[in-house]
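What the coordinates show
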Amino acid sequence: MKHLLTIAGSDSSGGAGIQADLKTFAAHGTFGMSVITAVTAQNTQGVTMVQDIDAEVIEAQINAVFDDIRVDAVKIGMVSRPEIIKTIADRLRYYKPQIVVLDPVMISKSGYPLLAPEACATLVQELLPLATLVTPNLPEAEVISGMKVTMKEEMRPVAERILELGAKAVLVKGGHLNGSADDLLFDGSTERWFMGDRIDTKNTHGTGCTLSSSLAANLAQGLSLADAVAASKAYVTEAIEYSLPIGGGCGPTHHFVDLYRKAGWLK
Ligand SMILES: Nc1ncnc2c1ncn2[C@@H]1O[C@H](COP(=O)(O)OP(=O)(O)O)[C@@H](O)[C@H]1O
Ligand SMILES: Cc1ncc(COP(=O)(O)OP(=O)(O)O)c(N)n1
């Protein structure tokens, strides 16, 4: 069994962050571990409060995991502040995990900042070069690249710029496009599109977390980059299709569609 580590924030409503990552790891038949970078009070309607975890506590969590257990892949999500980012980067340079999927979380769907504005440059400098794959949505791709990207034609030049900044490969996610939800994978030589019909639902809380942790699991299980993206895109699409209409706002995706189908629990 592969061992997966998520370094991310906690979402009290269970739809995004650490909770989404651990559910996704379990759904992929992997063993999930977590380093918590922040505790957020949030639900389907928004984020009300955030408590960042001290960098030294984050460092101790990372050491505790790596000093005892083999880590096959790391997924990084919410990292809040420059000193947290520097600590994570230092530990990853020390332990050298083979696979690192970086989801450069910046702002929640509800508009709450999850990364301090002054931390963006540190994220680019410190974490981008350590990433096997970085998975920005369109607004995050704009901040990282300093370029405008609102439509499909603008995704390739932005992907090129993100690789120039140090990433080995980038998946620019098209969830924020008008029209279809098409994602672009670029590794410096090959451009590959992963097409997705837009599913008409407001229940998309945690889509980015779900996709990036699925990618970490699929890569750890030996899939090539392109095959991992294809499998993870299919997984997140089904998770959105069967997303849960719970709470008064944007409900979470369904992480266990396959399991529920086999058990006969899906309507
Ligand atoms: N309504 C939707 N229908 C189908 N796929 C979607 C929809 N919204 C997002 N996706 C897909 O979900 C994944 C996560 O993308 P996105 O929502 O852009 O990330 P984030 O949560 O970081 O903003 C991508 O593969 C994207 O294409
Ligand atoms: C604790 C925490 N981490 C990340 C996010 C953002 O997750 P994402 O998958 O991008 O989902 P939305 O916020 O866009 O629904 C979060 N909300 N909380």
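- For the protein chain, the name recorded in an unreviewed UniProt entry is Hydroxymethylpyrimidine/phosphomethylpyrimidine kinase, with Phascolarctobacterium faecium as its organism.
- Turning to the protein chain, the UniProt annotation filed under Sequence similarities (unreviewed entry) states: "Belongs to the ThiD family."

1. Overview of the environment of Asn203
- Inspection of the secondary structure puts Asn203 in the loop between β9 (191–194) and α7 (207–220).
- Separated by 48 residues in the primary sequence, Asn203 and Gly251 place their C-alpha atoms 4.1 Å from one another.
- For Asn203, the residues in contact, after removing those within four places along its chain, are Ser243, Leu244, Pro245, Gly249, Cys250, Gly251, Pro252 and Thr253.

2. Observations regarding the packing of aromatic side chains
- Under the definition given, this model contains 3 aromatic pairs.
- Centroid distance Phe66 to Tyr95: 4.6 Å. Interplanar angle 10 degrees. Geometry classified as stacked. In this pair, Phe66 sits in helix α2 (residues 55–66) while Tyr95 sits in helix α3 (residues 82–95), placing the two residues 29 residues apart along the sequence.
- For Phe66, a relative accessible area of 14% corresponds to the buried category.
- Of the residues examined, Tyr95 reaches a relative accessible area of 19% and is grouped as buried.
- Geometrically, the ring pair formed by Tyr94 and Tyr95 is edge-to-face, given 4.8 Å between the ring centres and 85 degrees between the ring planes.
- Classification of Tyr94 as exposed rests on a relative accessible area of 54%.
- Through a chain of ring-to-ring contacts, the aromatic side chains of Phe66, Tyr94 and Tyr95 assemble into a single cluster.
- The cationic tip of Arg91 hangs over the ring face of Tyr94; the distance from NZ or CZ to the ring centre is 4.7 Å.
- When the ring centre of Trp193 is taken as reference, the NZ or CZ atom of Lys152 above it lies at 4.7 Å.

Cut-offs used in this document
Each chain has its residues counted from 1, running along the sequence as written. Going through the entries in the order they are written, you letter the chains from A and number the ligands from 1. Local features in this predicted model are restricted to residues whose pLDDT is 70 or higher, and side-chain atom pairs enter the listing and the counts only when it is 80 or higher, whereas totals over whole chains, interfaces and linings include all residues. For the side-chain quantities, the full set of heavy atoms in the structure was used; hydrogens and water were omitted. UniProt positions are given in the numbering used here, feature names are shortened, and annotations may be inferred rather than shown by experiment. Only DSSP runs of H or I with at least four residues qualify as helices, and only runs of E with at least two residues qualify as strands; both kinds are numbered from the N terminus onward. In this analysis, two residues are considered to be in contact whenever any of their non-hydrogen atoms come within 4.5 Å of each other. Ring pairs are drawn from Phe, Tyr and Trp, using the six-membered ring of Trp, whenever the two centres fall within 6.5 Å, and their geometry is named by plane angle: stacked under 30 degrees, edge-to-face over 60, tilted for the rest. Throughout this description, buried means an accessible area under 20% of the type-specific maximum (1.4 Å probe, protein chains only), exposed means over 50%, and partly exposed covers the range between. The rule is short: NZ of Lys or CZ of Arg within 6 Å of the ring centre and within 35 degrees of the ring normal puts a charge over the ring.

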